[in-house]
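A closer look at the structure
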Amino acid sequence: KGLRHGIRRGCVGPTLDAAAGGETMAGVVAAGEGLDEAVKSLVEMGFDEARSREALARADPPTAENALAILVAGEDEPSQAAAEGGDGGAAKVVRSYRCVETGRLFRTMQDAQLYAERTGRSNFEESDVEVPPLSEEEKAEKVAQIREKLKQKREEREELEKIEDKQREINRRREGQNLVEVREAHERLRREAEAKRIKKEKEDAKREKERLRVELAKDKAERAADAARRRGASPEEVRAAHKDAYDRAMGAGDDAAKKPAPKNLAGQIDDAINNLLQYRAGGDGVRALATVKKMLSNIVANPDEDKFRSINLNNDAFKKRVSSLVGGVALFKASGFTKNVAAGKLELDATDVDTDRIQQVLTKIEAAIPTA
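Computed from a predicted model, the values in this text were never measured in an experiment.

Moving on, we get to the overall build of the protein. Per the secondary structure count, the protein includes twelve helices and seven strands. Long-range pairs, those at least 24 residues apart, make up 60% of the contacts in the protein with a sequence separation of at least 6.

A few words now on the pairing of strand β4 (residues 124-127). Both faces of β4 are covered, namely the face carrying F124 and E126 and the face carrying E125 and S127. Where strand β2 (residues 96-99) and β4 come together, four bridges link them in antiparallel fashion. Each residue of the ladder has a partner; that of R98, found in β4, is E125.

On to the packing of aromatic side chains. As enumerated under the stated definition, the model contains five aromatic pairs in all. Measuring from centroid to centroid gives 4.8 Å for F106 and Y115, while their planes differ by 40°, and the two rings are tilted. Given the relative accessible area of 6%, F106 is considered buried. Within the aromatic cluster, the residues linked to one another by ring pairs are F106, Y115 and F124.

Below, the discussion takes up the packing of helix α9 (residues 284-301) against helix α12 (residues 355-368). Contact geometry for α9 and α12: axes closest at 10 Å, N-to-C directions at 150°. The angle between α9 and α12 falls in the class roughly antiparallel. Pair α9 / α12 crosses with left-handed handedness. Every residue of α12 that contacts α9 at L289, V292, K293, L296, S297, I299 and V300 is listed here: I358, Q359, V361, L362, I365 and E366. Partitioned by chemical class, the residues of the contact of α9 with α12 number nine nonpolar, two polar and two charged.

Below, the discussion takes up the pattern of salt bridges. Per the stated rule, a full pass over the model turns up 21 salt bridges. We note a salt bridge from R287 to D284, for which the minimum N-O separation is 2.5 Å. You can see R287 and its partner D284 sitting in helix α9, three residues apart, about one turn around the helix. The class of R287 is partly exposed, set by a relative accessible area of 31%.

For the rest of this paragraph, the subject is helix α8 (residues 265-277). Look at α8: 19 Å from first C-alpha to last across 13 residues, which is about the 18 Å you get at 1.5 Å a residue. Buried residues along α8 sit against α9, α11 (328-334) and α12.

Time to look at the side chain of Q113. As for its position among the elements, Q113 is in helix α4 (residues 109-119). Q113 gets classed as buried once you look at its relative accessible area, which sits at 3%. A distance of 2.7 Å separates polar atoms of two side chains, one belonging to Q113 and the other to E117.

Turning to helix α2 (residues 49-58), its buried residues are R51, S52, A55 and L56. Along α2, the residues classed as buried sweep out an arc of 135° about the axis, all on the same side. For α2, exposure combined with an orientation more than 90 degrees from the buried face picks out A50 and A57.

Procedures and definitions
- Residues numbered from 1 in each chain as written.
- Predicted model: local features only at pLDDT ≥ 70, side-chain atom pairs only at ≥ 80, totals over all residues.
- Heavy atoms only, no water.
- Helix = DSSP H or I, 4+ residues; strand = E, 2+ residues; numbered from the N terminus.
- Contact = heavy atoms within 4.5 Å.
- Buried < 20%, exposed > 50% of the residue type's maximum accessible area, 1.4 Å probe, protein only.
- Pairing = 2+ DSSP bridges.
- Phe/Tyr/Trp six-rings, centres within 6.5 Å; stacked < 30°, edge-to-face > 60°.
- Axes fitted to C-alpha atoms, helices over the stretch in contact; angles between N-to-C directions.
- Parallel < 35°, antiparallel > 145°, perpendicular 65-115°, else oblique.
- Left-handed = near helix turned anticlockwise from the far one by under 90°.
- Nonpolar A, V, L, I, M, F, W, Y, C, P; charged D, E, K, R; others polar.
- Salt bridge = Lys/Arg side-chain N within 4 Å of Asp/Glu carboxyl O.
- Expected span 1.5 Å × (residues − 1).
- Polar contact = N/O pair within 3.5 Å; in protein donor to acceptor, adjacent residues only side chain to side chain.
- Arc of directions from axis to C-beta.

Geometric descriptors of this kind do not, in isolation, establish any biological role.
What follows is the structure in structure tokens.
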């Protein structure tokens, strides 16, 4: 913000508009690149760069405050050149600048600039009336005013820098969070793809196993039928021998009776605990049982807490203490957990929490730990 209208010579003639390329107030100077800090400070206060540098050169020591005192006192100003009249008349010495609206006189352009910024008035003209020099008290007051203005600008700049730094930090954290989310999404997709691949491989292997089983059964049935023919059996007896051999090879009849019956919950728990107790070195088995006991106890005490009903199978501590040992995951499955391969977790839905079942597992673990 600065003085936008030019200075009129005398009291006649139109006001020159700075935007139209007229003569502008010398105090409106932008701080350019390459200025040192002292010059930059003085320029920000409305002083001309050339005058600021000259004042600094005359100041002893050459500080911004000493140069400011010289500029306010006007000791650096050269004698004003006489302006030529339009008719070749007598030259007029410019000794001050007058506000056309209020008639107030100012000794320097910088004084007029400060007044314009403070009041919003912009119509000034040159005057040959000399303004008395400032007293020491007035000089000190003016220096104090300018210093206060400089302080305010510096505080505004520092506040703006703080806001910009805060926004940059927010942007950095947001970008970091976005990167984490992208990585998690990528890892989730990778696990899902891996789970699909494993599932497909198992299904393919199962189908291939079944195909080979059928082929072997057919081969055994054909050989049984050939043997019956060589014995001179009737066609009905040959067909019966073929069917019996095929059924036996496919697991029907007596072979089905040989399949072990599925174990009940208590048997599953006992097998898992016994498998863990086989890890005697370093007390790994007992430590695994103690870990499972603690995690299941949390569920019994806080059945509505989601964090206790979801276990990350990729957690290094859990893998080392529990899931890497045979029987560790089996105890959680016996407690009602299911394995989510895609998410890489053991999960127990809130609607599936059976505290009696979990307590049964805990009772057997507590009975097994003292004897380990």
